Amino acid sequence: MSKIYDVIIIGAGPAGLSAALYAGRSRLSTLVVEKEIDGGQIVITSEIENYPGGLEHETGSSLVERMVKQAERFGTEKVYDSITEVSLNGDVKVLKGLKAEYRGRAVIVATGAQPRPIGCPGEREFIGKGVSYCATCDAAFFEDFEAYVVGGGDAAVEEAIYISGFARKVTIIHRRDELRAVKSIQEKVFANPKIDYMWNSVVTELGGDGILSSMVVQDTKTGETRVIEADKEDGTFGLFVFIGFDPHSEIFVGKLDMDGRYVITDENMKTNIPGVFAAGDVRSKSLRQVVTAAADGAIAATQVEHYLRSM
């Protein structure tokens, strides 16, 4: 592809689409490169209640559909391709994909991240039907139900405390016999009467008829298993998984400054390379939500305009 775009955005999740909207409105020639489907992780969310101005009974798919159309109205282009190699130094950045090569004066990395799954049978089938990776998104759906939290780090324990504000009982399932969270957080969770613990345990299988209603838990020391069934009156329970995130950042290792596997930016979404910005879940940040991803994208696109103007 011989055209040199003002900006190329890698990823069509909320951060990428927000960046595309702002770049398009600024009359920048904009290309969005998405490897799979628009929306990223949000498209598997069955209901979104915490996005400002969202519709009643908003779903991830419906929100993304409007975002896509809004970006397209301002002339942004989009291709479906998987970027495999990047050359980011210099005035023109080169991105090599499986289908073509793309060139732009600026790049916004919005490749996102995905929650690390348990990896057990049944997990994928019940995402949005009992299985969740976001307490802020889904805890309210389990008000007065039982809920289980998989994990023992800071995020898992903090989210268990948050979920206890909705669920009638929360059980933390941890593969070890003690939490890994910092002591100050542990003190809070151990003082919470609604939270119980299942030590030395891992979830090995999930089941149900269209909605999560059972799971198999294995003792990591004895190897013994037991089946946990949902309360008959409830018919389901919530299973919240917090065992880490996997950012899609492999091709940027050794090229951009990283915090572990997350891309480091300043408050203006600038990376260590001039003309390269990052937005959304792929960057190192404290809160990963649709609204913060959209904000990152808007900031990144605005900073691209400033960068191009200064060239």
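Keep in mind that what you see is a predicted model, and the values were worked out from it rather than measured.

**Let's talk about the overall build of the chain**
Then, in step 1: Counting secondary structure elements, the chain contains six helices and 19 strands.
Then, in step 2: Dimensions of the chain, computed from C-alpha atoms along their principal axes, come out at roughly 60 × 40 × 35 Å.
Then, in step 3: Residues classed as buried in the chain amount to 49% of the 311 residues present.
Then, in step 4: A separation threshold of at least 6 residues defines the contact pool for the chain, and within that pool the share at least 24 residues apart is 59%.
Then, in step 5: Summed over all atoms, the accessible surface of the chain reaches about 14900 Å², with 48% contributed by carbon and sulfur.

**Focus: the packing of aromatic side chains**
Then, in step 1: By the definition in use, this model includes seven aromatic pairs.
Then, in step 2: For the pair Tyr 148 and Phe 237, a centre-to-centre distance of 5.2 Å together with 75° between the ring planes defines the contact as edge-to-face. Taken together, the residues Tyr 148 in strand S9 (residues 146-150) and Phe 237 in the loop between strand S14 (225-229) and strand S15 (238-241) connect sequence positions 89 residues apart. As far as the burial class goes, Tyr 148 and Phe 237 line up, both buried.
Then, in step 3: Ring geometry for Tyr 197 against Trp 199: centres 5.2 Å apart, planes inclined by 5°, an arrangement best described as stacked.
Then, in step 4: The aromatic ring of Phe 245 is capped on one face by Arg 288, whose charged end is 5.9 Å from the ring centroid.

**Describing the layout of surface pockets**
Then, in step 1: Taken as a whole, the second largest pocket encloses approximately 270 Å³ of empty space.
Then, in step 2: For the lining of the second largest pocket, the leading source of residues is strand S12 (residues 201-207), giving four residues.
Then, in step 3: For the lining of the second largest pocket, a count of residues per class yields six nonpolar, five polar and three charged.

**Observations concerning empty space enclosed by the protein**
Then, in step 1: Applying the stated criterion across every chain, the model contains two cavities of 30 Å³ or more.
Then, in step 2: In this structure, the largest cavity occupies an estimated 60 Å³ of space.
Then, in step 3: Lining of the largest cavity is provided by Leu 17, Ala 20, Val 32, Val 68, Ala 71, Glu 72, Thr 76, Glu 77 and Lys 78.
Then, in step 4: Elements supplying a minimum of two residues to the lining of the largest cavity: helix H1 (14-25), helix H2 (60-73) and strand S3 (77-80).
Then, in step 5: Sort the elements by how many residues they give to the lining of the largest cavity and H2 lands first, with three residues.
Then, in step 6: By volume, the second largest cavity amounts to about 40 Å³.
Then, in step 7: In this structure, the second largest cavity is lined by Glu 146, Tyr 148, Arg 168, Ile 228, Glu 229, Ala 230, Asp 231, Asp 234, Thr 236 and Phe 237.
Then, in step 8: Elements represented by at least two residues in the lining of the second largest cavity include exactly S9 and S14.
Then, in step 9: Taken together, the residues of the lining of the second largest cavity break down into four nonpolar, one polar and five charged.

**A word on unusual backbone geometry**
Then, in step 1: Unlike most non-glycine residues, Asn 200 shows phi in positive territory, near 50°.
Then, in step 2: With respect to the secondary-structure elements, Asn 200 resides in the loop between strand S11 (195-198) and S12.
Then, in step 3: The class of Asn 200 is buried, set by a relative accessible area of 13%.
Then, in step 4: Of note, Met 269 is a non-glycine position whose phi angle comes to about 70°, a positive value.
Then, in step 5: For Met 269, the position within the fold is in the loop between strand S18 (262-263) and strand S19 (276-278).

**Notes on the packing of helix H4 (residues 154-163) against helix H5 (residues 183-190)**
Then, in step 1: Interaxial distance between H4 and H5 falls to 10 Å at its minimum, and their mutual angle equals 30°. Put simply, H4 runs roughly parallel to H5. The element H4 and its partner H5 pack so that their crossing is left-handed. Residues Asp 154, Val 157, Glu 158 and Ile 161 of H4 form the contact with H5, whose participating residues are Ile 185, Lys 188 and Val 189.
Then, in step 2: For the contact of H4 with H5, the class distribution of residues is four nonpolar, no polar and three charged.

**Digging into the side chain of Glu 123**
Then, in step 1: Mapped onto the elements of the fold, Glu 123 is located in the loop between strand S7 (113-115) and strand S8 (131-132).
Then, in step 2: The side chain of Glu 123 sits in the buried core without any salt bridge; Arg 124 is the nearest counter-charge, 8.4 Å away.
Then, in step 3: Within polar-contact distance, the side chain of Glu 123 engages the side chain of Tyr 133 at 2.7 Å.
Then, in step 4: When near neighbours in sequence (up to four residues on either side) are disregarded, Glu 123 contacts Pro 117, Ile 118, Val 131, Tyr 133, Leu 206 and Val 241.

**A short note on the state of the cysteines**
Then, in step 1: In total, this model carries one disulfide according to the counting rule given.
Then, in step 2: Covalently, Cys 134 is tied to Cys 137 through a disulfide, its sulfur atoms 2.2 Å apart. Taking the torsion about the sulfur-sulfur bond, which here is approximately 70°, the covalent link between Cys 134 and Cys 137 counts as right-handed.
Then, in step 3: Taking relative accessible area as the criterion, Cys 134 reaches 17% and is therefore assigned buried.
Then, in step 4: The structure places no disulfide on Cys 120, whose sulfur is separated from the nearest cysteine sulfur, that of Cys 134, by 19 Å.

Rules and cut-offs
- Residues numbered from 1 in each chain as written.
- Predicted model: local features only at pLDDT ≥ 70, side-chain atom pairs only at ≥ 80, totals over all residues.
- Heavy atoms only, no water.
- Helix = DSSP H or I, 4+ residues; strand = E, 2+ residues; numbered from the N terminus.
- Buried < 20%, exposed > 50% of the residue type's maximum accessible area, 1.4 Å probe, protein only.
- Contact = heavy atoms within 4.5 Å.
- Areas by Shrake-Rupley, 256 points an atom, 1.4 Å probe, with all protein chains shown as cover.
- Phe/Tyr/Trp six-rings, centres within 6.5 Å; stacked < 30°, edge-to-face > 60°.
- Lys NZ or Arg CZ within 6 Å of the ring centre and 35° of its normal.
- 1 Å grid on protein atoms, 1.4 Å probe; cavity = no way out; pocket = protein on both sides within 12 Å on 5 of 7 lines; lining within 4 Å.
- Points joined across faces, edges and corners; volume = space filled by probe spheres on them.
- Nonpolar A, V, L, I, M, F, W, Y, C, P; charged D, E, K, R; others polar.
- Axes fitted to C-alpha atoms, helices over the stretch in contact; angles between N-to-C directions.
- Parallel < 35°, antiparallel > 145°, perpendicular 65-115°, else oblique.
- Left-handed = near helix turned anticlockwise from the far one by under 90°.
- Lys, Arg positive; Asp, Glu negative; His and termini not counted.
- Salt bridge = Lys/Arg side-chain N within 4 Å of Asp/Glu carboxyl O.
- Polar contact = N/O pair within 3.5 Å; in protein donor to acceptor, adjacent residues only side chain to side chain.
- Disulfide = S-S within 2.5 Å.

Shape descriptors only; they carry no functional weight alone.
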